[in-house]
Amino acid sequence: ENRGDKLFSKKELKSYLKLSTINFFIKYKCLKTESILIFMEHRALIASHHEVSLYTFSRIFSMEEEITCDLARNKQSALELAKKNNYHLYLVEANLEYPMSEDIGNMLEIYRLVEERVKSKSARFIAISATNSALENARKEGIEAINKLDMGYDYLIGLTKEVLKI
């Protein structure tokens, strides 16, 4: 059956490829073009000094096995991951390593590394924090910034859908 170019969901892909008896997890969207399958993995880097934020965001983003998340607890590991991977989403604590501070230096260093990808719309970068002064400082730098206390489940699911379009 010729279905043309189509983006398959995981369920359709499993049925289409008759992989239901094979025990493996698909973390990709799949594009079928003339019997050639091209896998597109969607990835996110979440950098935060708060374990609860790391856990919550990564669980929601990967809930449907749609977005693979890498977690960083400090600037050094976030920079290392950002240098060797092209993420679709960078969710970075505005005051990374400095809770309740307005210091955004560590986040800015990560942003500068991926700024061209963000400006070309091949990635999205969001500064998060519960410290409003840190968020204001990020906004002054032209960076999208959201108070993580306002990031409810519905917002995060919507964000997941936006990232899958990148």
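See above for the structure.
Residues numbered from 1 in each chain as written. Predicted model: local features only at pLDDT ≥ 70, side-chain atom pairs only at ≥ 80, totals over all residues. Heavy atoms only, no water.

(A) The arrangement of the pairing of strand S7 (residues 144-147) in detail. Where strand S6 (residues 124-129) lies against S7, four bridges are found, and the strand directions are parallel. Bridging across to S7, serine 129 finds its partner in asparagine 147. Crossover S6 to S7 through helix H5 (residues 132-140) is right-handed. (Pairing = 2+ DSSP bridges. Helix = DSSP H or I, 4+ residues; strand = E, 2+ residues; numbered from the N terminus. Right-handed = clockwise from strand over helix to strand, strands pointing away.)

(B) Representation of the packing of aromatic side chains within the structure. Scanning the model with the defined rule gives three aromatic pairs in all. The interplanar angle of 25° and the centroid separation of 6.1 Å between the aromatic rings of tyrosine 90 and phenylalanine 125 together place this pair among those described as stacked. Placement of the pair is tyrosine 90 in strand S5 (residues 89-93) and phenylalanine 125 in strand S6, with a sequence separation of 35 residues. In this structure, tyrosine 90 and phenylalanine 125 share a single accessibility class: buried. Ring centres 5.0 Å apart and planes at 75° place the aromatic pair tyrosine 111 and phenylalanine 125 in the edge-to-face group. Of this pair, tyrosine 111 sits in helix H4 (residues 105-119) while phenylalanine 125 sits in strand S6, placing them 14 residues apart in sequence. The pair tyrosine 111 / phenylalanine 125 is uniform in exposure class, with both members buried. In textbook terms, an aromatic cluster arises when at least three aromatic residues are bridged by ring pairs, as seen for Tyr87, Tyr90, Tyr111 and Phe125. (Phe/Tyr/Trp six-rings, centres within 6.5 Å; stacked < 30°, edge-to-face > 60°. Buried < 20%, exposed > 50% of the residue type's maximum accessible area, 1.4 Å probe, protein only.)

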